[in-house]
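Geometric and topological summary
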Amino acid sequence: MTHTTRDRHAAAPGLNPDEIQPMPRHSDALCASVVDLLLDAVCVVDAEGHFVFVSAACEAVFGYTPEEMVGRRMIEMVAPEDRDRTLQAAQRIMSGQTHLHFENRYLRKDGRRVDIMWSARWSPSDRLRIAVARDVTARKRAESMQAATYAISEAAHAAEDMPALLQKIHQVIGQLLPCHHFAVALVDEANGQLGFPYCVDGAVQAPEPPTAAVVAFCHEVIRGEQARLGGDSTSWLGAPLTTQKGVMGAVGLNRHAQDAPYTEEDRELLQYVSTQIASAIERQRLYARLRHMAQYDELTDLPNRGCLQDRLDMALARARREHRHLSLLYLDLDKFKQVNDDWGHATGDRLLKAVAHRLKGCVRASDTVARMSGDEFVVLLESSHPPEGNGVVAHKISEAFDAPFDIDGQRLHIRPSLGVALYPEHGTDGQQLLRHADNAMYVVKHSRR
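Being a predicted model, the structure only gives us computed values, none of them experimental.

**Section: the overall build of the protein chain**
Each helix and strand in the protein chain was counted, giving 14 helices and 17 strands. In the protein chain, which comprises 449 residues, the proportion classed as buried is 41%. Considering only contacts within the protein chain whose residues lie at least 6 apart along the sequence, 54% involve residues at least 24 apart. Split by element, the accessible area of the protein chain, about 24,600 Å² in all, is 52% carbon and sulfur.

**Structural notes on the pattern of salt bridges**
By the definition in use, this model includes 26 salt bridges. In this structure, lysine 109 engages glutamate 68 in a salt bridge whose closest nitrogen and oxygen atoms are separated by 2.8 Å. Placement of the pair is lysine 109 in the loop between β3 (99-107) and β4 (113-123) and glutamate 68 in helix α4 (residues 66-69), with a sequence separation of 41 residues. Classification of glutamate 68 by relative accessible area gives partly exposed; the value is 35%. One salt bridge connects arginine 141 with aspartate 266, and the closest N-O pair in it is separated by 3.1 Å. Placement of arginine 141 in helix α6 (residues 137-158) and of aspartate 266 in helix α9 (residues 264-295) is noted, with a sequence separation of 125 residues between them.

**With respect to the packing of aromatic side chains**
Per the counting criterion, the structure on display carries six aromatic pairs. Here phenylalanine 62 and tyrosine 106 contribute two aromatic rings whose centre-to-centre distance is 5.2 Å and whose plane-to-plane angle is 55°, an arrangement assigned as tilted. Highlighted residues: phenylalanine 62 in helix α3 (residues 57-62) and tyrosine 106 in strand β3, separated in sequence by 44 residues. For the pair formed by phenylalanine 62 and tyrosine 106, the shared burial category is buried.

**Section: empty space enclosed by the protein**
For the coordinates displayed, the defined rule picks out one cavity of 30 Å³ or more. For the largest cavity, the lining is made up of 16 residues, of which Ile93, Trp118, Ala120, Arg129 and Ala131 are closest to its centre. Mapped by element, the contributors of at least two residues to the lining of the largest cavity are β1 (41-46), α5 (83-94), β3, β4 and β5 (128-135). Of the residues that constitute the lining of the largest cavity, the class distribution is 12 nonpolar, three polar and one charged.

**Section: the sheet that holds β3**
Strand order in this open sheet of five strands is β2-β1-β5-β4-β3, and the pairing throughout is antiparallel. Strands with a single pairing partner mark the edges of an open sheet, and in this sheet they are β2 (51-54) and β3. Averaged over all pairs of adjacent strands, the angle between strand axes in this sheet comes to 30°, irrespective of strand direction. Note that β3 and β4 share eight bridges and pair antiparallel. Looking at β4, one finds that phenylalanine 102 is bridged to tryptophan 118. Sheet contacts for α5: β3, β4 and β5; angle to β3, the most-contacted strand, approximately 145°.

**Digging into the environment of threonine 243**
If you trace the backbone, threonine 243 turns up in strand β10 (residues 234-243). Counting along the chain gives 35 residues from threonine 243 to alanine 278, while the straight-line C-alpha distance between them is 6.4 Å. Beyond its immediate sequence surroundings of up to four residues, threonine 243 is in contact with Met248, Ala278 and Glu282.

**Quick look at helix α14 (residues 430-448)**
Since one α-helical turn is 3.6 residues long, residues separated by three or four positions face the same way. Taking 1.5 Å of rise per residue, the 19 residues of α14 would be expected to cover 27 Å, and the 27 Å separating its terminal C-alpha atoms lies within 8% of that figure. The N-cap residue of α14 is aspartate 429: its side-chain oxygen and the backbone nitrogen of glutamine 431 are 3.1 Å apart.

**Observations concerning the nonpolar core**
Among the nonpolar cores identified, the biggest contains 34 residues, and Val184, Leu241, Leu253 and Ile281 are the most heavily contacted of them. When contributions to this core are tallied by element, the ones reaching two or more residues are α6, α7 (162-176), β6 (181-187), β7 (194-201), β10, β11 (246-256) and α9. Residues Leu333, Val369, Val393 and Ala400 belong to the second largest nonpolar core, which totals 27 residues.

**Quick word on the sheet that holds strand β13 (residues 368-373)**
With antiparallel pairing, four strands are arranged side by side in an open sheet as β13-β14-β12-β17. Pairing within the sheet leaves two strands with one partner each, and these edge strands are β13 and β17 (416-423). Within the sheet, the average angular offset between the axes of one strand and its neighbour, ignoring direction, is 20°. Relative to strand β14 (residues 376-383), strand β12 (residues 325-333) runs antiparallel, the two being bridged by eight bridges. Bridging across to β14, tyrosine 330 finds its partner in valine 378. Packed on one face of the sheet, α14 meets β12, β14 and β17 and runs near 145° to β17.

**As for unusual backbone geometry**
Cis peptide bonds are those with omega within 30 degrees of zero, and the linkage from tyrosine 423 to proline 424 qualifies with 5°. Along the polypeptide, proline 424 turns up in the loop between β17 and α14. The phi torsion at lysine 335 lies on the positive side, around 60°, for a residue other than glycine.

**Details of α7**
With 15 residues, α7 should cover 21 Å at 1.5 Å per step; its first-to-last C-alpha distance of 21 Å lies within 8% of that length. Regarding α7, the residues found buried are Met162, Leu165, Leu166, Ile169, His170, Val172, Ile173 and Leu176. At the N-terminal boundary of α7, the capping side chain belongs to aspartate 161, with an oxygen 3.0 Å from the backbone nitrogen of alanine 164.

About the cut-offs
- Within each chain, residues carry numbers counting from 1 in the order of the written sequence.
- In keeping with the predicted nature of the model, local features appear solely for residues at pLDDT of at least 70, side-chain atom pairs appear and are counted solely at 80 or more, and the whole-chain, interface and lining totals rest on all residues.
- With hydrogens and water stripped out, all remaining heavy atoms of the structure feed into the side-chain values.
- Strands are runs of DSSP state E lasting at least 2 residues, helices are runs of H or I lasting at least 4, and numbering of each runs from the N terminus.
- Only protein chains enter the calculation, and the probe is 1.4 Å; a residue is then buried if its accessible area is under 20% of its type maximum, exposed if over 50%, and partly exposed in between.
- It only takes one pair of heavy atoms within 4.5 Å for two residues to be counted as in contact.
- Residue-level accessible areas treat just the shown protein chains as cover; the underlying method is Shrake-Rupley with a 1.4 Å probe.
- Note on definitions: salt bridges are taken to be side-chain nitrogens of Lys or Arg within 4 Å of carboxyl oxygens of Asp or Glu.
- Pairing of aromatic rings covers Phe, Tyr and the six-membered ring of Trp, with a centre-to-centre limit of 6.5 Å; geometry is then stacked below 30 degrees between planes, edge-to-face above 60, and tilted otherwise.
- For each structure, a 1 Å grid was placed over the protein atoms alone; sets of points admitting a 1.4 Å probe that cannot get out are labelled cavities, open sets with protein on both sides within 12 Å along at least five of seven lines are labelled pockets, and lining residues have an atom within 4 Å of a point.
- Grid points are joined across faces, edges and corners, and a volume is the space filled by probe spheres set on the points.
- When residue character is reported, Ala, Val, Leu, Ile, Met, Phe, Trp, Tyr, Cys and Pro are called nonpolar, Asp, Glu, Lys and Arg charged, and the others, Gly included, polar.
- Here the rule is simple: two strands pair whenever DSSP picks up at least two bridges between them.
- Axis definition: a line fitted to C-alpha atoms, limited for helices to the stretch in contact. Angles are taken between N-to-C directions and run from 0 to 180 degrees.
- Expected span, for any helix, means 1.5 Å times one less than how many residues it has.
- Any pair of N or O atoms that falls within 3.5 Å is considered a polar contact. Within protein, one atom must be able to donate a hydrogen and the other to accept it, and sequence-neighbouring residues count only if both atoms are side-chain atoms.
- Throughout, nonpolar core names a set of buried Ala, Val, Leu, Ile, Met, Phe, Trp, Tyr and Cys residues whose side chains join them through atoms within 4.5 Å.

This is how it looks when you write it as structure tokens:
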């Protein structure tokens, strides 16, 4: 097709058509050279989905030379999870719709994924799809990092406990960096040992004990010896979880050998997100400590009065619904004030901790031993058997105080006065039962005096 300035400007005022010279015919080689100067990739695909022409920029975007791409099916290069919607978009283009700014992901020759934004149209006369592709991987990654930061921050505030938080973090990281195995290792604040509160195999999607390889890799990450590791069967990626106090643990993930290995860009991305993860875990630990302080006695680590009331209300609801039996034992240590006066409050505190430990040894894990205040304790017992069985527990507690307590080399003999309340014989709500057991305890105490 020949174009001249005479054709395009014949109607333009002030121009003499006789002075206008025809423009030279453009060769296909010149057109191809101009196309190859474009930073965006230009692709031409036939009706069956094969590349018939690609510009030079395709090699920078997809990693393949034009010779390697021509004749290849386009859909084979698309990331598997995006293939269905890519084929649907192709059908819409071939039906006559011009498709602008369609985004999907492709697999480069080196296995890395790239995010592509397409603009395409269909040429019915040539039966070809002409498309321009722009690599938007950097923009998408920046958006993903921002979204991940926001999602982890939201999870830190919304998660009820540590398992819920770590599960949400796994979901966020899985969208950012697809992985087969995901693990979070945390250094125990009390003993410095490395634990794994979250370790999930992608094939099972259920918590599992960490393998020796996972443990070794996380230790290396924490020591700063390893961040990315390639093997025959898997590719590993890890980042330390660092706070202002130091390294609190590590996050580690891996993918199978058939997937693309993790890159240095992936390492930098995980390193960035790991800062948000560490902050979220630190915040969750703080929340857990505050919740514990609100519900447990600081000295003995037993449930406090408020926690006991909550458990008592739930136990009463179960007792009404399931016709269960319930007993409350109210204990007060005899002559405890004398221990404080003779040996000091520090010794008295250690004695209270020893009493709490001995009481917990007398009951089941499902029962509750609580500290009301001072030297007063309450034991909540639930049972589907007649309440006489709970009397056995009361006797067991009484016998447990036959042996003296060894506190700082001093053998201290102390016994509790004990009152009992039964549901529903002595009350139908928590306050009635506590009041009855407290009164019964004082009757015993006064009788001893």
